[in-house]
Amino acid sequence: MCGIVGAVRKDTSAMPILLTGLRSLEYRGYDSSGIAIIEDKKLICVKKVGKVAELEKEIAKDVYSGKVGIAHTRWATHGIPSEKNAHPHISTEDVAVVHNGIIENHEQLRALLESRGYKFSSETDTEVISHLVHYYLSQENDLFSAVKKAVRELSGSYAIAVISKNAANQIVVARQGSPLVIGLGYDEMFVASDASALLSETNQFIYLEDGDVADIMREGCVICDKTGKSVHRAPVKSELTAEDTSIGGFHHFMQKEMYDQPEAVKKTIESAMKNGVIDERAFGAKAHSVFRKISSVQIIACGTSYHAGLAARYWIEPLADLPCNVDVASEYRYRNPRFRKGTLYVFISQSGETADTIACLNMVKKENPDAHILSICNVAESSLTRMSGLVFLTRAGKEIGVASTKAFTTQLVSLLLLTLMLGRIRKTISSKKEKEITKKLLTLPEKIEEALNLDSKLRALAPKFVSKEHCLYLGRGIEYPIALEGALKLKEISYIHAEGYQAGELKHGPLALVDENMPVIAVAPNDSLAGKLQSNLKEVRARNGKLFIFASPDTKIEKDDGTEIILLPEVDELLAPIVYVVPLQIFAYHVAVLRGKDVDKPRNLAKSVTVE
Ligand code: G6P
């Protein structure tokens, strides 16, 4: 969603680090941005609608020399993208606030503050925070204390950073439900909503907890927890480097990230192997004792991570002999689910910061403090991993493109490893079978590499879709979630309306849409359902629908004038989903590029959805 960065520097060079930070956070929100710095006891604020580049152009017109500043890149929730609604929000030319999250009681607070004489200039929920802080600051002239008092009145989620023109060496920050990290420099300090914004300055971070308020000065910081008590939060060294966030020789991050997949998958598999066998401790020290006790699995996730969960059900139920439910987090949290002892709750999230997923985890814990919780996540220090008893880290490396690619394939690998571990402990998978599957798993990076070699063929196919407005993706069995994921990729980045469907459901509705203008993409490895899928595809051809079939080299599907067959590498049925999704990603990428869309920053979307 939105991104926050702030700096308390030893010299007057806050501006460059704020701009560098904003550029690296831009993938999180990109409808407007703004910066506030303190210069000679004056608060200077610059805001612009559009990409960070627009703000940079504006800033380049002048010289700014401030030691302390905060900056923000916005993904609009309350109020349209405009300069007025862009952050920072200023109160009385004194207090500046940047905010991620949503203040749920902003209407009541607005009325209260208006009755105290404050004038509002934006439609945002955030502006109440700046006036509220100013109100308390005017009473006792201490920014830290004013912010502590102000946040007590807020309900909702927030990560905020606040500066005041009279507190020239200080940023006060607070966190509730939205991530915030403090970056430790040499004789200077930083703050950001995501550690990657500060990698050019430091790799030492303090991760704030919900309820924390921190006073950040050049020489250090003071942190108070939700009870108001001063607390020590240990610094953590991040493994990320600035190179992890660079685009290399690629045109887009999404393109780079698709090509990262063989390595990311390899690293994820290797992280779980010890002496040639999969080690259940890769899921956490207590994995064995937890996995032994469980009698069902409940997977909860959003977006692409949800599709990974849907695919996993096709592995977990037959191989580990466990009932497995998969839910979208925003639905699960409000459908009054029954909680059963013996359920393993699996939360899947690339970022580990998705608001709905975290809310579900909190709900499960509240209902049953002893619940068995496993998170599959790509960010070691995320909120989700810190809240989970068991954790499996995907080794995808930093993912910046909003459309998730390498996070998905590494999630699938992790879920297959989980299936194997559950099967081993529950004795539903023999050691011979486990060895066979592990051997095949180790060939996966090569298979993905081969799938990537289809790039130029897929680019050549893209012009056939460039002027289409609708498209159907079909799959059966475990390839159905892959069809959903393929459709999601296409709609996210090319804005072509795409639907994923179970091929067997075609004649219960979507077949009505099929005519010569409707392209239909089928995910068709030579698996146990290939014959059934073939019949469904005939129904499409009989209505003149154009078929684009991603199939095995030995496919039995006949080619005719209206059928294009794209042959994938030979791959075992179990691993097929992890390979078949790759050409669907590449294909969506080329269609989007050809349609001139901003592939890495699709309109209206955000990489990490930290608000409900
Ligand atoms: C957003 C992103 C998606 C992602 C989803 C869930 O919608 O644009 O790419 O799949 O959030 O995010 P998570 O970080 O929880 O996997």
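None of the values given here were measured: they were computed from a predicted structure. For every chain, the first residue of the written sequence is number 1, and numbering continues from 1 along that sequence. Side-chain atom pairs in this predicted model are given and counted only at pLDDT of 80 or more, local residue features only at pLDDT of at least 70, and totals for whole chains, interfaces and linings cover all residues. Only hydrogens and water are removed before side-chain values are computed, so all heavy atoms of the structure are retained for them.

1. Digging into the overall build of the protein
Note on conventions: DSSP H or I runs of at least 4 residues are helices, E runs of at least 2 residues are strands, and numbering of each starts at the N terminus. Of regular secondary structure, the protein possesses 19 helices and 27 strands. Restricting the calculation to C-alpha atoms gives the radius of gyration, and the globule rule supplies 2.2 Å times the number of residues raised to the power 0.38. In terms of overall dimensions, the protein is globule-like: its C-alpha atoms have a radius of gyration of 25 Å, near the 25 Å expected for 612 residues. Overall, the protein is about 75 × 55 × 45 Å in size when its C-alpha atoms are taken along their principal axes. Relative accessibility under 20% of the residue-type maximum defines a buried residue, over 50% an exposed one, and the middle range a partly exposed one, all with a 1.4 Å probe and only protein chains included. Evaluated residue by residue, the protein yields a buried proportion of 60% over its 612 residues. Element-wise, carbon and sulfur atoms account for 49% of the exposed surface of the protein, whose accessible area totals about 24000 Å². Charge assignment: positive for Lys and Arg, negative for Asp and Glu; neither His nor the chain ends contribute. A charged residue contributes its charge at one atom only: NZ of Lys, CZ of Arg, CG of Asp or CD of Glu. Within the protein, the 77 negative side-chain charges are centred at a point lying 3 Å from the centre of the 76 positive side-chain charges. To be clear on the numbers: accessible area is Shrake-Rupley with a 1.4 Å probe, and residue cover counts the displayed protein chains and nothing else.

2. Examining the nonpolar core
For this analysis, a nonpolar core means a set of buried residues of the types Ala, Val, Leu, Ile, Met, Phe, Trp, Tyr and Cys, connected via side-chain atoms within 4.5 Å. Judged by nonpolar contacts, the single largest core of 92 residues is most densely connected at Phe291, Val297, Val346 and Tyr473. Looking at which element gives the most residues to this core, the answer is helix 19 (residues 576–594), with 13 residues. Residue ranges labeled as domains rest on an automatic or database domain assignment. Of the domains in this structure, domain 2 (253–442) and domain 3 (455–594) are the two that each give at least three residues to this core. Setting aside residues up to four positions removed in sequence, Tyr473 forms contacts with Ala483, Gly486, Ala487, Leu490, Ala498, Glu499, Gly500, Tyr501, Ile521, Leu584 and Phe587. Listed in part, the 28 residues of the second largest apolar core include Ile103, Leu132, Val133 and Ala167. In this description, contact between two residues means that some pair of their heavy atoms is separated by no more than 4.5 Å.

3. Some thoughts on the domain arrangement of the protein
When its domains are assigned, the protein resolves into domain 1 (3–245), domain 2 (253–442) and domain 3 (455–594). Between domain 1 and domain 2, the residue contacts involve 15 residues of the former and 10 residues of the latter. Once two parts are brought into contact, the accessible area they lose, counted with a 1.4 Å probe and summed over both, makes up the buried area. When domain 1 packs against domain 2, the two sides together hide about 1000 Å² of surface, and 53% of this comes from carbon and sulfur. Looking only at domain 1, the three residues that lose the most surface to domain 2 are Tyr27, Tyr207 and Thr245, adding up to 45% of its buried area. Each reported salt bridge corresponds to a side-chain nitrogen of Lys or Arg within 4 Å of a carboxyl oxygen of Asp or Glu. Linking domain 1 with domain 2 are two salt bridges. For Arg386, the salt bridge goes to Glu209, with nearest N and O atoms at 3.4 Å. The classification used treats Ala, Val, Leu, Ile, Met, Phe, Trp, Tyr, Cys and Pro as nonpolar, Asp, Glu, Lys and Arg as charged, and all other residues, Gly among them, as polar. Here the residues of the side of domain 1 that touches domain 2 are counted per class, giving seven nonpolar, three polar and five charged.

4. A word on the packing of aromatic side chains
A pair of aromatic rings is counted whenever rings of Phe, Tyr or Trp (Trp by its six-membered ring) have centres within 6.5 Å, and the orientation is called stacked for planes under 30 degrees apart, edge-to-face for over 60 and tilted otherwise. By the definition in use, this model includes eight aromatic pairs. When the centroid spacing of 4.8 Å and the interplanar angle of 65° are considered together, the rings of Phe465 and Phe548 count as edge-to-face. Within this pair, whereas Phe465 is found in the loop between helix 16 (455–461) and strand 23 (470–475), its partner Phe548 is found in strand 26 (residues 546–551), the two being separated by 83 residues in sequence. Residues Phe465 and Phe548 agree in their burial class; the two are buried.

5. A short note on the sheet that holds strand 19 (residues 324–328)
Within a sheet, neighbouring strands are paired by backbone hydrogen bonds and run either parallel or antiparallel to one another. Strand order in this open sheet of five strands is 19-18-20-21-22, and the pairing throughout is parallel. Edge positions in the sheet fall to strand 19 and strand 22 (390–393), since each of these pairs with one other strand and no more. Across this sheet, the average inter-strand angle for adjacent strands is 20°, counted without regard to direction. Strands are labelled as partners when DSSP assigns at least two bridges between them. Bridge analysis of strand 18 (residues 296–301) against strand 20 (residues 343–349) gives six bridges, and the strand direction is parallel. For Gln298, the partnering residue across the bridge sits in strand 20 and is Tyr345. For helices, the fitted line uses only the C-alpha atoms of the stretch in contact; every axis is such a line through C-alpha atoms, and the angle between N-to-C directions lies from 0 to 180 degrees.

6. With respect to helix 7 (residues 261–271)
Of all the positions in helix 7, only Gln261, Pro262, Ala264, Val265, Thr268 and Ile269 are classed as buried. Each buried residue of helix 7 lies within a common arc of 165° when the element is viewed along its axis, so the set occupies one face. Taken from the helix axis, the directions to the C-beta atoms give the arc we talk about.

7. Thoughts on unusual backbone geometry
Between His87 and the following residue, Pro88, the backbone shows a cis peptide bond with an omega angle of 0°. By secondary structure assignment, the location of Pro88 is in the loop between strand 4 (68–74) and strand 5 (89–91). With a phi angle near 55°, Thr92 is a residue other than glycine that sits in the positive phi range. Looking at the secondary structure, you find Thr92 in the loop between strand 5 and strand 6 (95–103).

8. Some remarks on the layout of surface pockets
Roughly 910 Å³ of internal volume is contained in the largest pocket. Considering the residues around the largest pocket, the lining is formed by 39 residues, among which Leu240, Asn378, Val379, Gly397 and Lys398 are closest to the centre. Residue contributions to the lining of the largest pocket peak at three residues, all from helix 7. Per-class residue counts for the lining of the largest pocket are 13 nonpolar, nine polar and 17 charged. Residues from two domains meet in the lining of the largest pocket; each of domain 1 (3–245) and domain 2 (253–442) gives at least three. In the cavity and pocket records, a cavity denotes points on a 1 Å grid over the protein atoms alone where a 1.4 Å probe fits but cannot get out, a pocket denotes an open set with protein on both sides within 12 Å along at least 5 of 7 lines, and lining residues are residues with an atom within 4 Å of a point. Grid points are joined across faces, edges and corners, and a volume is the space filled by probe spheres set on the points.

9. A word on the pairing of strand 11 (residues 204–207)
Inspection of the sheet shows strand 9 (residues 181–184) paired to strand 11 by three bridges, in the antiparallel sense. Within the sheet, the bridge partner assigned to Gly183 lies in strand 11 and is Phe205.

10. Quick look at the site of the ligand
The environment of the ligand is made up of 13 residues, and the closest members are Ser305, Ser349, Gln350, Ser351 and Thr354. The contact in question runs from an oxygen atom of the ligand to an N or O atom on the backbone of Thr304, over 3.0 Å. Between Ser305 and the ligand, the recorded distance is 2.6 Å, taken from a side-chain N or O atom to an oxygen atom. Expressed as a share of its isolated accessible area of 380 Å², the protein-covered part of the ligand is 90%. Ranked by residues supplied to the shell around the ligand, first place goes to helix 9 (residues 303–320) with three residues. Looking at the shell around the ligand residue by residue, the class counts come to four nonpolar, eight polar and one charged. We define proximity as follows: a residue is near a molecule or strand when any one of its heavy atoms falls within 4 Å of that partner. We call two N or O atoms a polar contact when they sit within 3.5 Å, provided that within protein one can donate a hydrogen and the other can accept it, with sequence-adjacent residues counted only if both atoms are side-chain atoms.

11. Quick word on helix 19
By this rule, a helix spans an expected 1.5 Å times one less than how many residues it contains. Between its first and last C-alpha atoms helix 19 spans 28 Å; for 19 residues at 1.5 Å apiece the expected length is 27 Å, and the two agree. Remark: Gly596 follows helix 19 within two positions and exhibits a positive phi of approximately 75°.

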